[in-house]
Amino acid sequence: TQLLEQSPQFLSIQEGENLTVYCNSSSVFSSLQWYRQEPGEGPVLLVTVVTGGEVKKLKRLTFQFGDARKDSSLHITAAQPGDTGLYLCAGAGPGGSNYKLTFGKGTLLTVNP
Amino acid sequence: SQTIHQWPATLVQPVGSPLSLECTVEGTSNPNLYWYRQAAGRGLQLLFYSVGIGQISSEVPQNLSASRPQDRQFILSSKKLLLSDSGFYLCAWSVSRGRVLFRKLFFGSGTQLSVL
């Protein structure tokens, strides 16, 4: 059973376009993190959201945590080729454990120049 | 500053051969340590995690084992590799002390294992 569903799985866009990717679950998470991974490298943390309804901005990236803490979205404005990568969401828990993160399968984003 | 080292970067092994992947963390003490596997560049599957020396929790039954002989050393092993063990293996660490609401994971650069 996949606890975190990410959509779309693949996204190919032109430089300058806007995009939104989604991370959904039927479970409540105490926190949710977004990572970006480049080929042949380990994922790198972008942001952590903790409070339901929370919105965080990181330059052109906007992250939102759903009110019920079951879902999250990542919006990128004016995408650039450097944004290309695999975007992974990861939830702490469920069940109260914060030793482990459950990862989604990711959205593979390609931004064409 | 903290760093995590994982080696080798790539490994090609025949079916039935043993495996040993090593991960070490510098610049912190008593970290939580993790082994993840990623198939075909997609989602990460947690294999093992450790909250202390000699303490290993296994998440999925499999052909692999893990050990933590020292505080900042985490080893992934197999006695006999299977074709299905191929994948991208990632070691990670997180802070363990104090009351935290969430755990940031810091990943190594991974080992691409091909079992032929």
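In this report, we go over the structure that sits alongside the text. (Residues numbered from 1 in each chain as written. Chains lettered and ligands numbered in written order. Predicted model: local features only at pLDDT ≥ 70, side-chain atom pairs only at ≥ 80, totals over all residues. Heavy atoms only, no water.)

Some details on the overall build of chain B
Move 1: Broken down by element type, chain B carries zero helices and 11 strands.
Move 2: Listed by position from the N terminus, the elements making up chain B come as β-β-β-β-β-β-β-β-β-β-β.
Move 3: What you see for chain B is a C-alpha radius of gyration of 14 Å, in line with the 13 Å of a compact globule of 116 residues.
Move 4: Counting only C-alpha atoms, chain B reaches 45 × 25 × 25 Å along its principal axes.
Move 5: Within chain B, the fraction of its 116 residues that count as buried is 47%.
Move 6: Accessible area of chain B: about 5,500 Å², with a carbon and sulfur share of 55%. (Helix = DSSP H or I, 4+ residues; strand = E, 2+ residues; numbered from the N terminus. Rg over C-alpha atoms; globule rule 2.2 N^0.38 Å. Buried < 20%, exposed > 50% of the residue type's maximum accessible area, 1.4 Å probe, protein only. Areas by Shrake-Rupley, 256 points an atom, 1.4 Å probe, with all protein chains shown as cover.)

Overview of the interface of chain B and chain A
Move 1: Every contact between the two is made by 23 residues of chain B and, on the other side, 25 residues of chain A.
Move 2: Regarding the contact of chain B and chain A, the summed buried area is about 1,900 Å², with carbon and sulfur atoms giving 56% of it.
Move 3: Remark: the boundary between chain B and chain A carries zero salt bridges.
Move 4: Put simply, the parts of the chain that give the side of chain B that touches chain A at least two residues each are β4 (32-38), β5 (44-52) and β9 (87-94) of chain B.
Move 5: A breakdown of the residues in the side of chain B that touches chain A according to their chemical character gives 13 nonpolar, six polar and four charged. (Contact = heavy atoms within 4.5 Å. Buried area = accessible area lost by both parts, 1.4 Å probe. Salt bridge = Lys/Arg side-chain N within 4 Å of Asp/Glu carboxyl O. Nonpolar A, V, L, I, M, F, W, Y, C, P; charged D, E, K, R; others polar.)

A few points about the state of the cysteines
Here a disulfide denotes one covalent bond, and it connects the sulfur atoms of two cysteines.
Move 1: Taken as a whole and assessed by the stated rule, the structure comprises two disulfides over all chains.
Move 2: Across the disulfide, C23 of chain A is cross-linked to C89 of chain A (sulfur-sulfur distance 2.0 Å). Judged by the sign of its S-S torsion, about 75 degrees, the bond between C23 of chain A and C89 of chain A is right-handed. Note that C23 of chain A is positioned in strand β3 (residues 19-24) and C89 of chain A in strand β9 (residues 85-92), a separation of 66 residues in sequence.
Move 3: Assessed through its relative accessible area of 0%, C23 of chain A is described here as buried.
Move 4: Across a sulfur-sulfur distance of 2.0 Å, C23 of chain B and C91 of chain B are joined as a disulfide pair. Here the disulfide of C23 of chain B and C91 of chain B is left-handed, its torsion about the S-S bond being about -80 degrees. (Disulfide = S-S within 2.5 Å.)

Examining the nonpolar core
Move 1: Counting 21 residues, the largest nonpolar core has L19, L32, W34, F63, L74, I76 and L109 of chain A as its most contacted members.
Move 2: Secondary structure elements with two or more residues in this core: β3, β4 (31-37), β5 (44-49), β7 (61-65), β8 (71-76), β9 and β11 (107-112) of chain A.
Move 3: Not counting the four nearest positions on each side in its chain, F63 of chain A is found in contact with W34, L46, V47, E54, V55, K56, L58, S73 and L74 of chain A.
Move 4: Listed in part, the 20 residues of the second largest apolar core include L21, W35, C91 and L113 of chain B. (Core = buried A, V, L, I, M, F, W, Y, C linked by side-chain atoms within 4.5 Å.)

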